[in-house]
Each structure stands twice: as structure tokens, then as C-alpha cells.
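Summary of structural features
So the chains spell out like this:
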Amino acid sequence: MATMNAITHSDALAIVPDFMVTTMKKLNVAVEFFSADFDLGKRSIIQEWHSKNNHSLCHKWLRDSTKGMFIDSMK
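No experiment lies behind these values; they were computed from the predicted model shown.

**Quick look at the side chain of Arg63**
Residue placement: Arg63 occurs in helix 3 (residues 57-73). For the buried Arg63, which has no salt bridge, the nearest side chain bearing the opposite charge is Asp64, at an N-O separation of 5.8 Å. Beyond its immediate stretch of four places on either side in the chain, Arg63 contacts Gln47, Trp49, Asn53 and Asn54.

**Quick notes on the layout of surface pockets**
Space inside the largest pocket adds up to approximately 1,200 Å³. In this structure, the largest pocket is lined by 37 residues; those nearest its centre are Ala14, Ile15, Val16, Pro17 and Asp18. Within the residue set of the lining of the largest pocket, elements represented by two or more residues are helix 1 (2-8), helix 2 (18-26) and helix 3.

**Quick notes on the pattern of salt bridges**
Applying the stated criterion across every chain yields a total of one salt bridge. Lys60 is the partner of Asp64 in a salt bridge, and the nearest nitrogen-oxygen pair spans 2.7 Å. Of this pair, Asp64 and Lys60 both sit in helix 3, four residues apart, which is roughly one turn of that helix. Since its relative accessible area comes to 43%, Asp64 is described here as partly exposed. Residue Lys60 is classed as partly exposed on the basis of its relative accessible area of 42%.

Rules behind the numbers
Here the residue numbers are simple positions, counted from 1 along each chain's written sequence. Residue-level local features of this predicted model are given only where pLDDT is at least 70; pairs of side-chain atoms are given and counted only at 80 or more, and the full residue set underlies all totals for whole chains, interfaces and linings. Values shown for side chains rest on all heavy atoms present in the structure; no hydrogens or waters enter the calculation. Segments assigned H or I by DSSP are reported as helices when at least four residues long, segments assigned E as strands when at least two residues long, and all are numbered from the N terminus. Whether a residue is buried, partly exposed or exposed follows from its accessible area with a 1.4 Å probe, protein chains only, as a fraction of its type maximum: under 20%, in between, or over 50%, in that order. In summary, the charge assignment counts Lys and Arg as positive and Asp and Glu as negative, without counting His or the chain termini. Basic side-chain nitrogens of Lys or Arg form a salt bridge, by our definition, when they fall within 4 Å of a carboxyl oxygen of Asp or Glu. Only heavy atoms enter the contact rule, under which two residues are in contact if any of them lie within 4.5 Å. Buriedness for pockets is judged along seven lines, at least five of which must meet protein on both sides within 12 Å for an open set on the 1 Å grid over protein atoms alone, while cavities are sets there where a 1.4 Å probe fits but cannot get out, and lining residues have an atom within 4 Å of a point. Grid points are joined across faces, edges and corners, and a volume is the space filled by probe spheres set on the points.

Here it is, written out as C-alpha cells:
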């Protein structure tokens, strides 16, 4: 969501997953969407966080939920 917030307040471009485009359209955000005319190839999901959060159940839930959302969107 930080990326979407940044591009709505600038003239920048961003590559975002389809589910983000769908969400932003539902929210009537004034951003123009278009598909890339090239194959982006294989994608990897990489997560990183500060080590102080390794044992936090809340952070684990957030990381797992975020990862699951991206994996589901790539199917």
C-alpha cells in the first residue's frame, strides 16, 4: 500500500500485482493502470524484518498473511 500511496502523489510509475490494481479501482483511486508489454519472468517473494520481531506473534501473523496474499495472487 505504501507504493500505491507514493504513486498517487507523484508522477512515478510502479509495477504492482493485479490484486492491487483491482483494489485501487474499487477504491476509485485516480491512477492510470496499464499492463506491461513484456514478460516479467519468474518472481520471488522475499521478506525481511528486524531481528527484534523474530518472536513476536503479531509480526509472524503479519508476515504469514502478507506472504499468503502474494502467493495466492501469483496462482
